[in-house]
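Residue-level structural notes
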Amino acid sequence: MSQPGDTLREAARVIYNTVYPSEEWTPVKFEEAERLETVHYRNAVTAARFFQPIEQGALL
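A brief structural summary. Since the structure is predicted, the reported quantities are computational estimates derived from the model, not experimental observations.

Helix and strand counts for the chain stand at three helices and zero strands. Ordered by position from N to C terminus, the α and β elements of the chain give α-α-α. Out of the 60 residues belonging to the chain, those deemed buried represent 27%. A total accessible area of about 4600 Å² is found for the chain, and carbon and sulfur atoms account for 58% of it.

See below:
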């Protein structure tokens, strides 16, 4: 069973990989960006939080 944070993480991963599709855009893969908390990662998490359904408790 997935945890609420897993859903946010997967949404952030999809956004990250879509917005930053190659090393030309960001020098590290999602997992490394997550570990280092890069600006690219933080932007993807912010976007994922914004687009969470209201049922999951997102503030719009």
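Moving on, we come to the pattern of salt bridges. Inspection of every chain in the model, using the stated rule, returns four salt bridges. Measuring nitrogen to oxygen at the nearest pair gives 2.7 Å for the salt bridge that ties Arg 9 to Glu 34. Taken together, the positions of Arg 9 in helix α1 (residues 4-19) and Glu 34 in helix α2 (residues 30-36) put the pair 25 residues apart, joining distant regions of the chain.

Cut-offs applied
Residues numbered from 1 in each chain as written. Predicted model: local features only at pLDDT ≥ 70, side-chain atom pairs only at ≥ 80, totals over all residues. Heavy atoms only, no water. Helix = DSSP H or I, 4+ residues; strand = E, 2+ residues; numbered from the N terminus. Buried < 20%, exposed > 50% of the residue type's maximum accessible area, 1.4 Å probe, protein only. Areas by Shrake-Rupley, 256 points an atom, 1.4 Å probe, with all protein chains shown as cover. Salt bridge = Lys/Arg side-chain N within 4 Å of Asp/Glu carboxyl O.

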